[in-house]
Amino acid sequence: MANSQVVSHTKITQIDFARAGEITPAMRIVAEKEGRAPEFIREGVAAGRIAIPANIHHTSLSPEGVGEGLRTKVNVNLGISGDLADEQVEWEKGNIAFELGAEAIMDLSNSGKTQSFRTRLIEKSPAMIGTVPMYDAIGYLEKALISITAEDFLDVVRRHAEDGVDFVTIHAGMNRRTIESFKETGRLMNVVSRGGSLIFAWMEATGNENPFYEYYDDVLEILHKYDVTISIGDAMRPGCGYDATDAGQIAELIEIGKLTKRAWDAGVQVMVEGPGHVPLDQVAANMKVQQTICMGAPFYVLGPLVTDIAPGYDHITSAIGGAIAAQNGAAFLCYVTPAEHLALPNVEDVKQGIIASKIAAHAADIAKGVRGIIIPATMAVYKECILRGWTEAFIDAGCIVSTPTCGPCLGGYMGILAEGERCVSTTNRNFVGRMGHVRSEVYLASPATAAASALTGYITDPRTV
């Protein structure tokens, strides 16, 4: 294993093509889904602010973008375990995820030979598929944890990448510096991340550095070959509100920021995973800290759960935290089910968890910079709106209401767009720069489409709302 920095000379990944100025078919699909210009997507991918997890071997994939300026995405966890080794039940969960529109599924199978289920899931799934190779290591290798070598861990990552997984959680940020900070400052709860706790135990037992940190460049080389996005795991995520934003969590986040830059340099797309239990008043701050340290890389959060006292109802506590997190910059929500902390979820638990997370994502998308500008076409229309009570309703909804004017279409004061803003307009002009910044976007639409888009926060077919 060579531990030298990876330098990509071959265009394979979405970020490779984006930096070369090329718009890929996946970027065009994402642009169409998001109501964005393909160039906006390309620029975001090139800068690392948008990731399109799309393994070159996942042929059934309908690509999704995760990141800045896009709809908040939702992930569903499922998988075969020693306590619930019923493959049919896991397929039922997967079908519910497809039906309810989850954009991603993480196969967290951790018992026995998991490859058969994983490969069939990839063959069938239009959603992104993610895994945590560390979960699979013991079963795949048929070795005790302490007997596994660094090369063994890399072999598991390679197997998952070859199978067609779109993103992998790699807990590379928990190195010896992070653990030293964690031990010095203490914590009410210990390392609660399953993947993180396994690596922590391996490091303590062998005396070695975290293999995913020590051989990080080898990991990146594997991921680049198949265009697998690295989702840098938060091994030090807090397991209760008391431990939120503590020294261990922040020390690991600083390391993750460095690893993010190294992955981008190697032509590998990045997502960063975030905290689990965070009090309500700390959620927004956690998002801003991550965005700063990790340079705008898409943030993928578990919850966060805003209280520790609701076992059985943590799909609700996580939806509250998820909505606030996404409003403040998180791009990807990992669902939480009512069974969290209590048991493995059944099919109904999965359904309720997806619904709660989808509502949280939608609520956040509405709050992320969507504004309404209402300008009646004539004085007669203006008067009728007042008489029918529509003007009052628009104002109560937070819209700007004007008297009849040609301000927007003439580039006047009313309705000027800032850089990066999108407008769904019922006017008849959308010349570049006419209604504001040259990098704003104006989409001409019917009144019905504009109204539907105002409700959802993105360009929407009115027949679907």
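See the structure printed just above.
Summary of the structure given here. In this text, all values refer to a predicted model and were calculated from it rather than measured experimentally. (Residues numbered from 1 in each chain as written. Predicted model: local features only at pLDDT ≥ 70, side-chain atom pairs only at ≥ 80, totals over all residues. Heavy atoms only, no water.)

**Regarding unusual backbone geometry**
- That bond from G303 to P304 is cis: its omega, -5°, falls within 30 degrees of zero.
- Here P304 shows up in the loop between β9 (299–302) and α14 (314–327).
- The residue D227 is not glycine, and still its phi comes out positive at about 55°.
- Topologically, D227 is positioned in the loop between α11 (216–226) and β7 (229–232).
- For M295, which is not glycine, the phi torsion reads 55° and is therefore positive.
- Within the secondary structure layout, M295 lies in the loop between α13 (280–293) and β9.
- For M295, a relative accessible area of 38% puts it in the partly exposed group. (Helix = DSSP H or I, 4+ residues; strand = E, 2+ residues; numbered from the N terminus. Buried < 20%, exposed > 50% of the residue type's maximum accessible area, 1.4 Å probe, protein only.)

**Side note on the packing of helix α5 (residues 115–124) against helix α7 (residues 150–163)**
- Relative to each other, α5 and α7 sit at 35°, their axes nearing to 10 Å. Contact with α5, carried on its side by Q115, R118, T119 and I122, involves R159, H160 and D163 of α7 and no other residues of that element.
- Residues belonging to the contact of α5 with α7 are distributed by class as follows: 1 nonpolar, 3 polar and 3 charged. (Axes fitted to C-alpha atoms, helices over the stretch in contact; angles between N-to-C directions. Contact = heavy atoms within 4.5 Å. Nonpolar A, V, L, I, M, F, W, Y, C, P; charged D, E, K, R; others polar.)

**Observations concerning the nonpolar core**
- Counting 111 residues, the largest nonpolar core has I41, I52, F212 and I230 as the members making the most contacts within it.
- Contacts of I41, omitting those with residues within four sequence positions, involve M27, V30, A31, R36, I50, I52 and L70. (Core = buried A, V, L, I, M, F, W, Y, C linked by side-chain atoms within 4.5 Å.)

**Concerning the packing of helix α4 (residues 87–99) against α5**
- Running from amino to carboxyl end, α4 crosses α5 at an angle of 25°, the nearest separation of the two axes being 12 Å. The angle between the axes of α4 and α5 places the two elements in the roughly parallel class. Helix-helix and strand crossings are classified by hand; for α4 and α5 the assignment is right-handed. Within the contact between the two elements, α4 uses E87, E90, W91, N95 and F98 and α5 uses F117, R120, L121 and K124. (Parallel < 35°, antiparallel > 145°, perpendicular 65-115°, else oblique. Left-handed = near helix turned anticlockwise from the far one by under 90°.)

**Points about the sheet that holds strand β8 (residues 270–274)**
- In space, the 8 strands of this closed barrel follow the order β3-β4-β5-β6-β7-β8-β9-β10, with parallel pairing throughout. For this sheet, the mean inter-axis angle between neighbouring strands, taken without regard to orientation, is 25°.
- In this sheet, strand β6 (residues 167–170) lies alongside strand β5 (residues 128–131) in parallel orientation, the contact comprising 2 bridges. In the sheet register, G130 faces β6, and the bridge partner there is F167. (Pairing = 2+ DSSP bridges.)

**Observations regarding the packing of aromatic side chains**
- Counted according to the given criterion, the structure contains 7 aromatic pairs.
- A centroid spacing of 5.4 Å and a plane angle of 65° characterise the contact between W91 and F117, whose relative ring orientation is edge-to-face. Within this pair, whereas W91 is found in helix α4, its partner F117 is found in helix α5, the two being separated by 26 residues in sequence.
- On the numbers, 6.2 Å between centres and 85° between planes, the contact of F167 with Y300 is edge-to-face. Linking F167 in strand β6 with Y300 in strand β9, this pair joins segments that are 133 residues apart in sequence. In terms of burial, F167 and Y300 fall into one category: buried.
- Among the aromatic residues, ring-to-ring pairing joins F153, W202 and F212 into one connected group. (Phe/Tyr/Trp six-rings, centres within 6.5 Å; stacked < 30°, edge-to-face > 60°.)

**Some thoughts on α7**
- If you check α7, its first and last C-alpha atoms are 20 Å apart, about what 14 residues at 1.5 Å a residue would give, namely 20 Å.
- Regarding α7, the residues found buried are A150, D152, F153, L154, V156, V157, H160, A161 and D163.
- Just past α7, the residue G164 takes up positive phi, approximately 115°. (Expected span 1.5 Å × (residues − 1).)

**Considering the pattern of salt bridges**
- For the structure on display, the rule yields 27 salt bridges.
- Between R159 and D163 there is a salt bridge; the shortest N-O distance is 3.2 Å. You can see R159 and its partner D163 sitting in helix α7, 4 residues apart, about one turn around the helix.
- Accessibility expressed as a relative area gives 24% for R159, which makes it partly exposed.
- A salt bridge links D217 to R262; the shortest N-O distance between them is 3.2 Å. In this pair, D217 sits in helix α11 while R262 sits in helix α12 (residues 247–265), placing the two residues 45 residues apart along the sequence.
- By relative accessible area, which is 6% here, D217 ends up buried.
- With relative accessibility at 26%, the residue R262 sits in the partly exposed group.
- It is possible to trace a salt-bridge network through shared partners that takes in K33, E34, E64, R71, K73, E103 and K358. (Salt bridge = Lys/Arg side-chain N within 4 Å of Asp/Glu carboxyl O.)

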